[in-house]
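Read off the chains here:
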Amino acid sequence: TKQPVRVAVTGAAGQIGYSLLFRIASGDMLGKDQPVILQLLEITPALKALAGVVMELRDCAFPLLADVITSDDPMVAFKDADYALLVGAMPRKAGMERGDLLGANGGIFKPQGEALNKVASRDVKVLVVGNPANTNALIAQQNAPDLDPKQFTAMVRLDLNRAISQLAEKTDAPVTAIKNVIIWGNHSSTQYPDLSQATVNGTPALDLVDREWYETTYIPTVAKRGAAIIEARGASSAASAASAAIDHMRDWALGTAEGEWVSMGIPSDGSYGIPEGLIYGFPVRTHGGQYEIVQGLDVSDFSRGKMDATAQELTEERDEVRKLGLV
Ligand code: NAX
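Conventions adopted
- Residues numbered from 1 in each chain as written.
- Predicted model: local features only at pLDDT ≥ 70, side-chain atom pairs only at ≥ 80, totals over all residues.
- Heavy atoms only, no water.
- Helix = DSSP H or I, 4+ residues; strand = E, 2+ residues; numbered from the N terminus.
- Rg over C-alpha atoms; globule rule 2.2 N^0.38 Å.
- Buried < 20%, exposed > 50% of the residue type's maximum accessible area, 1.4 Å probe, protein only.
- Contact = heavy atoms within 4.5 Å.
- Areas by Shrake-Rupley, 256 points an atom, 1.4 Å probe, with all protein chains shown as cover.
- UniProt positions renumbered as here; feature names shortened; annotations may be inferred.
- Near = heavy atom within 4 Å.
- Polar contact = N/O pair within 3.5 Å; in protein donor to acceptor, adjacent residues only side chain to side chain.
- Pairing = 2+ DSSP bridges.
- Salt bridge = Lys/Arg side-chain N within 4 Å of Asp/Glu carboxyl O.
- Phe/Tyr/Trp six-rings, centres within 6.5 Å; stacked < 30°, edge-to-face > 60°.
- Lys NZ or Arg CZ within 6 Å of the ring centre and 35° of its normal.

J.: Where do I start with the overall build of the chain in this structure?
T.: Along the backbone of the chain there are ten helices and 14 strands. Here the C-alpha atoms of the chain give a radius of gyration of 19 Å, agreeing with the 20 Å that 2.2 N^0.38 yields for 327 residues. For the C-alpha atoms alone, the extent of the chain along its principal axes is close to 50 × 45 × 40 Å. Each of the 327 residues in the chain was classed as buried or not, and the buried ones make up 53%. Contacts in the chain between residues at least 24 apart in sequence constitute 72% of all its contacts with a sequence separation of at least 6. Just so you have it, the chain exposes about 14,000 Å², and 51% of that area is on carbon and sulfur atoms.

What follows is the structure, given as structure tokens:
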């Protein structure tokens, strides 16, 4: 049997945590043969609630759950972590400007980046879920100079899963028939859910739907799905966000299927004219724990405009956190 790996999760007592931890412990993320040690980080006032979640985790008697550690200190929670899912963040409150939001999150992601730098496994794979996810990932990355920048990623997988599901519904196809949808850019309303490469049972998706629907209904529906969930449920996406985090980490760790792509927020290497260093959603293939950007795709003028607009927003966020001295 395999040795357990260490999986750190922050914001573990929150909504997403309540779904995520059970999926990790049951083997959905790293495989049904991979034991895990959960290392859970919360702020001090949430440790009591977290203790309750841990009681429930233990009550599941998951065969793969080797141990659970809890702490309010990132130096403890990130110690030797092989995987780190950074979920806890400061939500946007009414009247908050982008600068205030980025500053408040800097207070979380700067020390967490520093702690990962000091104590995590040298091969740690980091996924940032907490919003603004791309720029929070940039802050953590820039404060972890001894780790490879490529070890820091942000989640656009929920957007991708939403994009796949909306297309499946429209074309009356199962989700498994849909391949190579792309989410470019920021996990925000400027994201670009791109169907130009997508197929449905092998047929180009854009041959099956009309252009007007794609541009004026599909793209905004995917980009604003988070708000629609809040409106309907009275709370933000949680189980679907947790499921997307599982998908992101599983594909990164275990590899994508032959000929298939997923989208991950990763540091730009300048591909497709995206400014180097931004944490930007790209189409990737993964193999052996590494990801690589899918190269050589045609970019139409329509795509170019959308890809540049979301890059511009990320550039502004980066400028803002530079001004705040966070990166
Ligand atoms: P909750 O407010 O339910 O939970 C967040 C938890 O984080 C709380 O228990 C809080 O005590 C904890 N926390 C706060 N600061 C912390 C710190 N410094 N260290 C450790 N823990 C800390 O939020 P939830 O619904 O679970 O969402 C978590 C984050 O995911 C939010 O930022 C949210 O905006 C973001 N999302 C990101 C998505 C994505 O696709 N990238 C989609 C879903 C979600 O909206």
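What follows continues from the structure just given.
J.: How should the UniProt feature "domain: Lactate/malate dehydrogenase C-terminal" (unreviewed entry) in the chain be read in this particular structure?
T.: Residues annotated in UniProt with the feature "domain: Lactate/malate dehydrogenase C-terminal" (unreviewed entry) correspond here to residues 157-321. Secondary structure across residues 157-321 divides into 45% helix and 19% strand, with the first and last C-alpha atoms of the span separated by 24 Å.

J.: I'm lost on the site of the ligand in this one. Help?
T.: Not every one of the 23 residues close to the ligand is listed here, only the nearest: Gln 15, Ile 16, Glu 42, Val 129 and Asn 131. Backbone polar atom of Val 129 to a nitrogen atom of the ligand: 3.2 Å apart, as the coordinates give it. Between the ligand and the protein, one listed contact pairs a nitrogen atom with a backbone N or O atom of Met 155 at 3.5 Å. For the ligand, whose free accessible area comes to 880 Å², the fraction covered by protein is 80%. Secondary-structure elements contributing two or more residues to the shell around the ligand are helix 1 (15-25) and helix 4 (98-119).

J.: Would you take a moment to explain the UniProt feature "active site" (unreviewed entry) in the chain for this structure?
T.: Sequence positions flagged by UniProt for "active site" (unreviewed entry) are, in local numbering, His 187. Its place among the elements puts His 187 in the loop between strand 8 (182-184) and strand 9 (192-194). By relative accessible area, His 187 is classed as partly exposed at 22%. Apart from the residues lying within four places of it in its own chain, the contact partners of His 187 are Asn 131, Asn 134, Met 155, Val 156 and Asp 159.

J.: What am I meant to see in the sheet that holds strand 10 (residues 199-200) here?
T.: The strand order 7-10-11 describes an open sheet built from three strands, whose pairing is antiparallel. Of all the strands in the sheet, just strand 7 (178-179) and strand 11 (203-204) have a single pairing partner and so form its edges. With two bridges connecting them, strand 7 and strand 10 associate as antiparallel partners. Each bridged residue has a counterpart across the sheet, and for Lys 179 the counterpart in strand 10 is Thr 199.

J.: Would you mind showing me how to read helix 1 here?
T.: For an α-helix, 3.6 residues make a turn, and residues three or four places apart therefore share a direction. With respect to burial, helix 1 is a largely interior element, eight of its eleven residues being buried. Every buried residue of helix 1 is listed here: Ile 16, Gly 17, Ser 19, Leu 20, Leu 21, Phe 22, Ile 24 and Ala 25. Each element contacted by the buried residues of helix 1 is listed here: strand 1 (5-10), strand 2 (36-41), helix 2 (47-59), strand 3 (65-71), strand 4 (83-86) and helix 9 (239-254). A positive backbone phi angle near 95° is found at Gly 27, which sits one or two residues after helix 1.

J.: Any chance you could explain the pattern of salt bridges here in plain terms?
T.: Opposite charge on two side chains permits pairing when their charged atoms draw close. For the structure on display, the rule yields 14 salt bridges. Between Lys 32 and Asp 28 there is a salt bridge; the shortest N-O distance is 3.1 Å. Looking at Asp 28, the relative accessible area reads 25%, which means it is partly exposed. Two residues, Arg 211 and Glu 215, come together in a salt bridge whose shortest N-O distance is 2.7 Å. Residue Arg 211 and its partner Glu 215 are both found in helix 7 (residues 211-223); the two are separated by four residues, about one turn of the helix. Overall, the relative accessible area of 40% leaves Arg 211 in the partly exposed class.

J.: What is the right way to read the packing of aromatic side chains from this model?
T.: Working definition: an aromatic ring pair is given by the centre-to-centre distance plus the angle between the planes. One pass over the full model with this rule turns up nine aromatic pairs. Seen in terms of ring centroids, Trp 184 and Tyr 272 are 5.2 Å apart; in terms of plane orientation they differ by 70°. Their pairing is edge-to-face. Taken together, the positions of Trp 184 in strand 8 and Tyr 272 in the loop between strand 12 (262-267) and strand 13 (279-287) put the pair 88 residues apart, joining distant regions of the chain. By relative accessible area, Trp 184 is classed as buried at 1%. Grouping aromatic residues by their ring pairs yields a cluster made of Tyr 192, Trp 213, Tyr 214, Tyr 218 and Phe 302. Positioned above the aromatic ring of Phe 302, the side-chain terminus of Arg 211 is 4.8 Å from the ring centre.

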